[in-house]
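Survey of secondary and tertiary structure
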Amino acid sequence: MAQVTLTWHGDAQAQAALAGLPDKLERRVLASALRTVAKQLLPAIKAATPIGKPYTRVTRGRTRQGPQGASRAIRFRRETGGRLRRSLKIRALKRSRRRVGVAIVTGTRVELGITGRGYYPAHQEFGFRTRGSRRAVASKRYMKHPATAHRGSLLGTLAAAIRAGVEQEIRP
């Protein structure tokens, strides 16, 4: 996971006010502001997430006697496709005295229906090599590209949310 260090330039008054807050309130303001930014970024990431062609997976069930005495297989149909997009969510980082933050994460292997060795979200984000020919398949960077494309607006939202949070905490 990428580590990001926030350096805040400009708005010296809000920066001084944030530094003047007790640690607990400073964490609350930062966590709230980061969550606001993550909520703004999530739809862009979902829009860029690759979706395979939807298909119907037919599995064979148990056999059953038909009207003429012949047995036939009962088939179960299940629509697939778009699981990765639906599984994206915002999670708070593990509690620590040293950091505060949020992450946009994909679903678990069970939520995504992954039974094999590979992990589809990582393969799509970072690329992979095929087994037989070892041909390289390019990455799609469905998380990185929206974050870098919207960087200016996200930083503006972050600054505004921090400023509003500091004002809310300072106000008696």
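The coordinates are above.
These lines cover the structure that appears in this document, whether it is placed above or below.

Parameters and conventions
- Residues numbered from 1 in each chain as written.
- Predicted model: local features only at pLDDT ≥ 70, side-chain atom pairs only at ≥ 80, totals over all residues.
- Heavy atoms only, no water.
- Helix = DSSP H or I, 4+ residues; strand = E, 2+ residues; numbered from the N terminus.
- Polar contact = N/O pair within 3.5 Å; in protein donor to acceptor, adjacent residues only side chain to side chain.
- Core = buried A, V, L, I, M, F, W, Y, C linked by side-chain atoms within 4.5 Å.
- Buried < 20%, exposed > 50% of the residue type's maximum accessible area, 1.4 Å probe, protein only.
- Contact = heavy atoms within 4.5 Å.
- Salt bridge = Lys/Arg side-chain N within 4 Å of Asp/Glu carboxyl O.

Quick word on the environment of serine 133
- Tracing the backbone shows serine 133 in the loop between strand S5 (128-129) and strand S6 (136-137).
- A polar contact is formed between the side chain of serine 133 and the side chain of threonine 130, at a distance of 3.1 Å.

Comments concerning the nonpolar core
- Leu18, Val29, Ile45, Ile104, Met143, Ile162 and Val166 are the most contacted members of the largest nonpolar core, which totals 23 residues.
- Listing elements by their share of this core, those giving two or more residues are helix H2 (23-48) and helix H7 (151-170).

Considering the side chain of glutamine 124
- Among the secondary structure elements, glutamine 124 is positioned in helix H5 (residues 120-126).
- Using a relative accessible area of 8% as the deciding quantity, one classes glutamine 124 as buried.

A word on the environment of leucine 154
- Tracing the backbone shows leucine 154 in helix H7.
- Residues leucine 154 and leucine 41 lie 113 residues apart in sequence; the distance between their C-alpha atoms is 7.6 Å.
- Those residues in contact with leucine 154, other than ones at most four positions away along the chain, are Val37, Gln40, Leu41 and Ala147.

Some thoughts on the pattern of salt bridges
- Counting across every chain of the model gives three salt bridges.
- Of the charged contacts in the structure, one is a salt bridge between glutamate 169 and arginine 28, with a shortest N-O distance of 3.4 Å. With a gap of 141 residues between them, glutamate 169 in helix H7 and arginine 28 in helix H2 connect regions that are remote in the sequence.
- Between glutamate 125 and arginine 141 there is a salt bridge whose closest N-O contact spans 3.7 Å. In this pair, glutamate 125 is assigned in helix H5 and arginine 141 in the loop between S6 and helix H6 (144-149), connecting sequence segments 16 residues apart.
- Glutamate 125 gets classed as buried once you look at its relative accessible area, which sits at 7%.

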